[in-house]
Amino acid sequence: MKHLHLLLFCSTLLVSSIICAKDTLRISTTTELESFARNVNKGKNFRNKVVVLVNDIFVNDTAGWKQWENRAVNKRQWTPIGTWRYPFKGIFDGQGHAVYGLYINRGTDGFFCGLFGQVQSPAVIRNVSVKASYIKGCRYAGGIAGVVYKEKWRNQFTRKIVVTDSVVIQRCSNEGNVTVTRRTAGGIVGLVAGAAFGILDCENSGQVRGKHEIGGIVGECYAREVRNCANRGGVEGITQVGGIAGFMALLEKNGIEVANNYNTGHVRARQYGGGIVGELSMGIFTGWFLTGISTAQSVTFDNCYNAGTVDCDYFASADRLMGRWNNLNGSSIPMLRNSRNYSIEAAEAPFNRQTADYQPSPGVVITFREEEMKSPFFVKRLNDFSIRNPQRYSTWVLDSLYTNNGFPILKFTN
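So, a few notes on the structure that sits alongside this text.

Cut-offs applied
Residues numbered from 1 in each chain as written. Predicted model: local features only at pLDDT ≥ 70, side-chain atom pairs only at ≥ 80, totals over all residues. Heavy atoms only, no water. Buried < 20%, exposed > 50% of the residue type's maximum accessible area, 1.4 Å probe, protein only. Helix = DSSP H or I, 4+ residues; strand = E, 2+ residues; numbered from the N terminus. Pairing = 2+ DSSP bridges. Phe/Tyr/Trp six-rings, centres within 6.5 Å; stacked < 30°, edge-to-face > 60°. Lys NZ or Arg CZ within 6 Å of the ring centre and 35° of its normal. Arc of directions from axis to C-beta. Polar contact = N/O pair within 3.5 Å; in protein donor to acceptor, adjacent residues only side chain to side chain. Contact = heavy atoms within 4.5 Å.

**Focus on the pairing of strand 12 (residues 189–193)**
For step 1, the next point in the chain: Among the five residues that make up strand 12, five are buried, leaving the element largely enclosed by the rest of the structure.
For step 2, the next point in the chain: Of the strand pairs in this sheet, strand 9 (residues 145–149) and strand 12 are connected by four bridges, and their pairing is parallel. Each bridged residue has a counterpart across the sheet, and for Val-147 the counterpart in strand 12 is Leu-191.

**Considering the packing of aromatic side chains**
For step 1, the next point in the chain: If you walk through the whole model with that rule in mind, you get 22 aromatic pairs.
For step 2, the next point in the chain: Taken together, a centroid distance of 6.2 Å and an interplanar angle of 65 degrees make the contact between Tyr-222 and Phe-247 edge-to-face. Pair noted here: Tyr-222 is in the loop between strand 17 (218–221) and strand 18 (225–227) and Phe-247 is in strand 22 (residues 245–251), with a separation of 25 residues, a long-range link. The two residues Tyr-222 and Phe-247 agree in class, both being buried.
For step 3, the next point in the chain: Among the aromatic side chains, those forming a connected cluster through ring pairs are Tyr-262, Tyr-305, Tyr-342, Phe-368, Phe-377, Phe-378 and Trp-396.
For step 4, the next point in the chain: Seen from the ring of Phe-407, Lys-374 lies directly overhead, with NZ or CZ sitting 4.9 Å from the centre.

**Considerations on helix 5 (residues 376–386)**
Residues spaced three or four apart along an α-helix face the same direction, because each turn holds 3.6 residues.
For step 1, the next point in the chain: By the burial criterion, the buried members of helix 5 are Phe-378, Val-379, Leu-382, Asn-383, Phe-385 and Ser-386. The buried residues of helix 5 occupy an angular sector of 145 degrees when projected down its axis, which confines them to one face. Exposed and oriented more than 90 degrees from the buried face of helix 5 are Pro-376 and Lys-380.

**Some points on the side chain of Asn-60**
For step 1, the next point in the chain: Note on placement: Asn-60 falls in the loop between strand 3 (57–58) and strand 4 (91–100).
For step 2, the next point in the chain: For Asn-60, the side chain forms a polar contact with the main-chain oxygen of Gly-101, separated by 3.0 Å.
For step 3, the next point in the chain: When residues no more than four places from it in sequence are discounted, the contact partners of Asn-60 are Trp-68, Lys-75, Arg-76, Tyr-100, Gly-101 and Tyr-103.

Laid out in C-alpha cells, this is it:
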C-alpha cells in the first residue's frame, strides 16, 4: 500500500505545483469539457498531465432530471471520456466543482458509461461530483467512471505483460442515478480491475440499479483499498448487491482493505445482499480466473457500519453487512476475528430467509439499537479506530445537520 500512498502524495504535489502552468488544461465550459472528451477518445495522450475544472459544468438543463428515465426531451447524450482503445491516463482534478446534467441512455451497446468511460493507470481522479444526472447502460456504469483498470490487466488479452502504476479515485461523489440493464454498476465506479488501486473518501447518494454486481460505491471490485466511503442511496439488484460494493475479491496476491465505511441506504437483492458488500470472496483471481485462496493476512475488514435496511429474499447472512462470506473452502474466516464492525439491530428476525447457502458471520459484527448508533457513544467507538492512524482514516462526527438521518458521518480531511 505504500506505493499507493506515494502515488497519491506525488500526484497531490504535482497538481499543486503546476496548477497554473501553461501545459495544464483548464476547463470552464461545457464546450471545453466536450472537446477534452473528444481529444482523449481520439487518442491524445494525457499521461501524467493535469486537467482541472475551474467552474461547475452544466451539460444539460437539469429540470426534471429524476424523470429522465421516462421523459428526456431534447437532452444531448454525453460521450464518456476514455475508450477501450484510448483510455484516460492522467490527473483530473475537479477542485471541488460538479458536473451537472449528464445524460446517457444506451441499449446493448452501452458499455463503459459515466463521466469517464475507461480510465487506465497511471491516473488520479479527484475532487469532482456528478449531480442531477441520469446514466443508463448495458454493463459497466458508474457516476464517475465505468471501468478503471491497470495496464497489466488489459494487456493480458494481448499477451503483453506490463506492470504500471496505480489509480486513485479520491473525494468524488455521485448524486445522480446509475442503471445497467445487465450487470456491474456503482455510484462511483462500475468495475475496478486492478489491485494497486484505491477508492478513498467517496460518497454516493444516488440510486444504483441493475442485475448483478451492483454497489453504492463500486459494482465489481478487485481493488487494494476501499476506505472512508459512504453510501446513502438506494441500491437494487438480483445477486451480489451491497451498499459499498456488490462483489469484491483479490486480484493476484495483493491484499485488500475495506475499512471505515458506512451505509445508510436501502439495499434490495434476491440473493447475496449486504449493507457493506454483497459478496466478499476469499479467492485470488488472475485475469478472470480463480487461481488460489487468500491467506489470513490478505483481507482487512474493519470499522464499517450498516444502518440501512437490507431486503434479501434468500442466501443472506444475518449480520446485514455481508450478503455472503465466501471463503471457497468451507472453513471459518479467522483473519477477520480481530476486527470490529457494526450493524443496526433489526426489528424482524433474520431466520425467515432460506439458508441453503447460509454462512454465519465470523463473529466480528456488533449490533446496536438505532438510538445507540446516533449517540456520541457510537461516534467515540468509531473514532477509537480512526485515531490510530489519522493520516489514513477520516474521523467521525455526529450528524448535526441531519443529512444522514441522524447516523454518524465521516469528516473528510484534506
